Amino acid sequence: MTLTRSQVLELLDRHGLAPSRAMGQNFVVDPNTIAAMVRAAELCPEDSVVEIGPGLGSLTRALAAEVNQVLAVEADRHMLAPLAEVADAPNVEIVHADATTPEWRSKLGAADQRWALVANLPYNIAVPLLLDLLDNESRIKTFTFMVQREVAERLVAPVGTKAYGIPTLKVAYWCEARIVRSVPATVFYPRPRVSSAVVRLVRLPAPAVEADPDRLFFLIRTAFAQRRKMLRRSLAAHVTSDQFAQAAIPPTSRPEQLTLADWAELAAIASS
């Protein structure tokens, strides 16, 4: 059962706590939103789920009712006691750890273990954490998470748009991605100043393009660091005019105009 706003207030008061803005703590107090996130994750009873930033445990408890095991990774030591109280189930393991550090990942087990991530991600770490997990944690096969709407749009942005950038391309390299639903600020306590969205990522069996990832994302990062410049200027030290022509990419293009396939072609030619 999802904690209501009054239950959240009572729980926080009983433990002498208040939501931490610095840690991006906004607790979901709407059962429909929790239920929708669990449905969107498309879980099976035998699944293993990792939750980042469980907070007071409403989502943790809902997940524990659906799957074999839940690993709840919480950075705030003050949240551990109320979290353990709310998510008191034999298939829940609570780990006190900063999710942006690698130590907690030993809990994910063998290299062939499969996990799903389901979380209301703390806004202040969402993008760097997600991109790191995509690159370095292949045991996580699906990602269903809530982030602020602007971030969600960056992850699935169409080519040529202002929101299209490095996160878009990194997600496209590893996953199929879609926004599942919008989430209003009213479902949180405290209420954030922005709306949110639930995003669903499914890891591809292999990267979407054949390319040296180091070379590929070096060019992407270099170009997007100067995204207002034409590629012939931002990549002048790395791609020649002949190589642009060979890749059939106009050197007057700007980075957001290239698809992932375009970037892969350019990286292959520029490194040959």
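The model shown is predicted, which means the values in this text are computed figures rather than measured ones.

Undergrad: Break down the overall build of the protein chain for me, with residues and values.
TA: Scanning the protein chain for helices and strands turns up 11 helices and 9 strands. Against the compact-globule benchmark of 19 Å for 272 residues, the protein chain has a radius of gyration of 21 Å, which places it among compact chains. Considering only C-alpha atoms, the protein chain reaches an extent of 65 × 40 × 30 Å along its principal axes. For the protein chain, buried positions account for 49% of its 272 residues. For the protein chain, the share of sequence-separated contacts (at least 6 apart) that also reach a separation of at least 24 residues comes to 67%.

Undergrad: Break down the packing of aromatic side chains for me, citing the residues and quoting the values.
TA: Counted under the stated rule, the structure contains 3 aromatic pairs. On the numbers, 5.0 Å between centres and 85° between planes, the contact of Tyr173 with Trp174 is edge-to-face. Residue Tyr173 shares its accessibility class with Trp174, and that shared class is buried. A ring pair is formed by Tyr173 and Phe217, whose centres lie 5.4 Å apart and whose planes are at 90°; its orientation type is edge-to-face. With a gap of 44 residues between them, Tyr173 in helix 7 (residues 166–174) and Phe217 in helix 8 (residues 213–224) connect regions that are remote in the sequence. Each member of the pair, Tyr173 as well as Phe217, is classed as buried. In this structure an aromatic cluster arises from ring pairing among Tyr173, Trp174 and Phe217.

Undergrad: Lay out the nonpolar core in plain terms, naming residues and giving numbers.
TA: Core analysis: the largest hydrophobic core is formed by 59 residues, its most contacted members being Ile52, Trp104, Phe145 and Trp263. The residues contacting Phe145, other than those within four sequence positions of it, are Met37, Leu117, Ala119, Leu121, Leu130, Leu155, Ala197, Val198, Val199 and Leu201. Core analysis: the next-biggest nonpolar cluster, separate from the first, contains 21 residues, Val28, Ala41, Ala87 and Phe188 among them.

Undergrad: Explain the pattern of salt bridges residue by residue, including any values.
TA: Under the defined criterion, the tally for this structure stands at 10 salt bridges. In this structure, Arg14 engages Glu85 in a salt bridge whose closest nitrogen and oxygen atoms are separated by 2.8 Å. One end of the pair, Arg14, is in helix 1 (residues 5–14); the other, Glu85, is in helix 4 (residues 80–86), and 71 residues separate them in sequence. Its salt-bridge partner being Arg227, residue Glu256 comes within 3.8 Å of it at the nearest N-O pair. In this pair, Glu256 is assigned in the loop between helix 10 (241–246) and helix 11 (260–270) and Arg227 in the loop between helix 8 and helix 9 (231–234), connecting sequence segments 29 residues apart. Salt bridges sharing common partners tie together Glu10, Arg14 and Glu85.

Undergrad: Tell me about the environment of Pro251, and please be specific about residues and values.
TA: Mapping Pro251 onto the fold places it in the loop between helix 10 and helix 11. Distance from Pro251 to Ala36, taken between C-alpha atoms, is 45 Å for residues 215 residues apart in sequence. Each residue touching Pro251, except ones within four places of it in the same chain, is listed here: Met230, Leu231, Arg232 and Phe244.

Undergrad: Which residues make up helix 7, and what values do they have?
TA: Counting buried positions along helix 7 gives 7 out of 9 residues, so the element sits mostly inside the fold. Among all positions of helix 7, only Pro167, Thr168, Leu169, Lys170, Val171, Tyr173 and Trp174 are buried. Close packing links the buried residues of helix 7 with helix 5 (126–136), helix 6 (149–155), strand 7 (175–183), strand 9 (196–203), helix 8 and helix 11.

Undergrad: Which residues make up the sheet that holds strand 7, and what are the values?
TA: Taken together, 7 strands build an open sheet; the order of strands is 4-3-2-5-6-9-7 and the sheet is mixed. In this open sheet, the two strands that pair with only one neighbour each are strand 4 (92–96) and strand 7. Taken over all neighbouring pairs, the strand axes of this sheet differ in orientation by 20° on average, direction set aside. Pairing of strand 2 (residues 48–52) with strand 3 (residues 69–74) involves 5 bridges; the strand directions are parallel. The residue bridging Val49 from the neighbouring strand is Val70, located in strand 3. Of the strands in this sheet, strand 5 (115–120), strand 6 (140–148), strand 7 and strand 9 touch helix 2 (residues 31–40), which is tilted by about 150° from strand 6. Relative to the sheet, helix 7 contacts strand 7 and strand 9, its axis offset from that of strand 7 by approximately 120°.

Here is what the cut-offs are and how they apply
Just so you know, the residues in each chain are numbered from 1, in the order the chain's sequence is written. Only residues with pLDDT of at least 70 are given local features in this predicted model, and only at 80 or more are side-chain atom pairs given and counted; all residues enter the totals for whole chains, interfaces and linings. By convention in this description, side-chain values take in all heavy atoms of the structure and omit both hydrogens and water. The helix count covers DSSP runs of H or I at least four residues long, the strand count covers runs of E at least two residues long, and both are numbered beginning at the N terminus. The size measure is the radius of gyration over C-alpha atoms, and the globule rule it meets is 2.2 Å times the number of residues to the 0.38 power. Any residue under 20% of the maximum accessible area for its type is buried, any over 50% is exposed, and the rest in between are partly exposed; the area is computed with a 1.4 Å probe on protein chains only. In what follows, residue pairs with any heavy atoms lying within 4.5 Å of each other are defined as contacts. Think of it this way: a Phe, Tyr or Trp ring, Trp meaning its six-membered ring, pairs with another when their centres are within 6.5 Å, and the plane angle makes it stacked under 30 degrees, edge-to-face over 60, tilted otherwise. The nonpolar core is taken to be a set of buried Ala, Val, Leu, Ile, Met, Phe, Trp, Tyr and Cys residues, with the residues joined through side-chain atoms within 4.5 Å. What counts as a salt bridge is simple: a side-chain nitrogen of Lys or Arg found within 4 Å of a carboxyl oxygen of Asp or Glu. Note on pairing: two strands pair once DSSP finds at least 2 bridges between them. Every angle, taken between N-to-C directions, lies between 0 and 180 degrees, and every axis is a line fitted to C-alpha atoms, over only the stretch in contact when it is a helix.

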